[in-house]
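Working through the structure, step by step
Given next are the chains, with one letter for each unit.
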Amino acid sequence: HKLVFATNNHHKLEEVAAKIGSAFTLLTLDDIGCTEDIAETGKSFEENASLKSKYVSAHYDYNCFGDDSGLEIDALNGEPGIFSARYAGTHGDHTANIEKVLNQMQGTENRKARFRTVISLIWNGAEYFFEGKIEGSIRGELSGAGGFGYDPIFQPDGYDITFAEMSLDEKNKISHRGKAVENLVEFLKQQ
Ligand code: ITT
């Protein structure tokens, strides 16, 4: 079974591929020749995940899913949220994004935050949503070289290391994306 993952983020792809198992062959946007920069104009993770999966299903003859994710920080009223990839202005500039978060959090006592992932799957023409989240806190400085995005400043509850200090498999076991993909896999198994 071929399944398209509508993402340009190779870190997401690696994490999802590690959990999907061999029953499905994951195709990327590259693999299907899709060069469109799908606009994320939605107001929620759900809407943006949907925009990605629906773009592919409207233009290509595949079942497909999109992942929209982000970091919600309580002291910043849930920001960066859906703007996580472009918080400091440039899409994917994680050095600047992290710097902006750390600056805004300086002297802030409430460090509580969570990562959320929403997956929208278009399966034989119908849409299904799968979610995952992980609670944690924002460190005062960066730690670790693994993962991507905000991983060097996110410490999941119950751990004294950041996501960036974990192996991909360790992160995948507890992460927002890992949980969302587990729910997706459960669904796919029943099909
Ligand atoms: P696609 O839309 O192509 O899938 P993207 O990186 O633009 O890739 P999003 O719009 O979902 O994806 O933005 C998610 C951003 O949230 C991402 O760029 C990171 O900054 C952050 N993020 C999401 N998941 C994360 C994770 O597991 N670890 C660290 N940061 C993460």
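Since we're looking at a predicted model, the values are computed, not measured.

1. Description of the environment of Met166
With respect to the secondary-structure elements, Met166 resides in the loop between strand 6 (154–156) and helix 4 (168–174). Residue classification places Met166 among the buried residues on the basis of 20 C-beta atoms within 10 Å. Along the sequence, Met166 and Pro152 sit 14 residues apart, while their C-alpha atoms lie 10.0 Å from each other. Those residues within four positions of Met166 in sequence are excluded, and the remaining contacts are Gly146, Ile161 and Lys171.

2. A word on the sheet that holds strand 4 (residues 112–123)
Taken in spatial order, the six strands line up as 2-1-3-4-5-6 in an open sheet, and their pairing is mixed. Bordering the open sheet on either side are strand 2 (25–27) and strand 6, each of which pairs with just one other strand. Taking each pair of neighbouring strands and ignoring which way they run, the sheet shows an average axis angle of 35 degrees. When strand 3 (residues 64–73) meets strand 4, the two strands line up antiparallel, connected through ten bridges. Across the sheet, Gly66 pairs through a bridge with Ser120, a residue of strand 4. In the packing of helix 5 (residues 176–190) onto the sheet, contacts are made with strand 3, strand 4 and strand 5 (126–138), and the angle to strand 5 comes to roughly 155 degrees.

3. Some details on the pairing of strand 5
Pairing analysis gives twelve bridges linking strand 4 to strand 5, with the strands arranged antiparallel. Among the inter-strand pairings, Arg116 is bridged to a residue of strand 5, identified as Lys133. Adjacent in sequence and paired antiparallel, strand 4 and strand 5 are bridged by two residues, among which Asn124 carries a positive phi angle near 45 degrees. In the sheet, strand 5 pairs with strand 6 via three bridges, with the strands oriented antiparallel. Each bridged residue has a counterpart across the sheet, and for Gly136 the counterpart in strand 6 is Pro156.

4. Considerations on the nonpolar core
Formed by 19 residues in total, the largest nonpolar core has its most connected members in Ala6, Cys64, Phe65, Ile119, Leu121, Ala180 and Leu184. Where this core is concerned, the elements lending two or more residues are strand 1 (2–5), helix 2 (45–59), strand 3, strand 4 and helix 5. For this core, the element with the highest residue contribution is strand 4, accounting for four residues. In this structure, Leu121 is in contact with Ser53, Phe65, Glu127, Tyr128, Phe130 and Leu184, ignoring residues within four places of it in sequence.

5. Examining the UniProt feature "active site" (unreviewed entry) in the chain
The positions that UniProt labels "active site" (unreviewed entry) are, in the present scheme, Asp68. Here Asp68 is to be found in strand 3. Taking the number of C-beta atoms within 10 Å as the measure of exposure, Asp68 has 25 and is therefore buried. Setting aside its immediate chain neighbours within four residues, Asp68 contacts Phe45, Asn48, Ala49 and Val118.

6. Thoughts on the site of the ligand
By nearness alone, 22 residues border the ligand, and Thr7, Asn9, Ser84, Ala85 and Gly149 come closest of all. If one sorts the elements of the shell around the ligand by residue count, strand 3 sits on top with five residues. Class assignment of the residues belonging to the shell around the ligand gives a composition of six nonpolar, ten polar and six charged.

7. Looking at the pairing of strand 1
Note: strand 1 against strand 2, three bridges, orientation parallel. When the sheet's bridge partners are listed, Lys2 is paired in strand 2 with Thr25. Bridging between strand 1 and strand 3 involves two bridges; their strand directions are parallel. If you follow Val4 over to strand 3, its bridge partner there is Cys64.

Cut-offs used in this document
- Residues numbered from 1 in each chain as written.
- Predicted model: local features only at pLDDT ≥ 70, side-chain atom pairs only at ≥ 80, totals over all residues.
- Helix = DSSP H or I, 4+ residues; strand = E, 2+ residues; numbered from the N terminus.
- Buried ≥ 20, exposed ≤ 12 C-beta atoms within 10 Å, placed from the backbone.
- Contact = placed C-beta atoms within 7 Å.
- Pairing = 2+ DSSP bridges.
- Axes fitted to C-alpha atoms, helices over the stretch in contact; angles between N-to-C directions.
- Core = buried A, V, L, I, M, F, W, Y, C linked by C-beta atoms within 7 Å.
- UniProt positions renumbered as here; feature names shortened; annotations may be inferred.
- Near = placed C-beta within 6 Å.
- Nonpolar A, V, L, I, M, F, W, Y, C, P; charged D, E, K, R; others polar.

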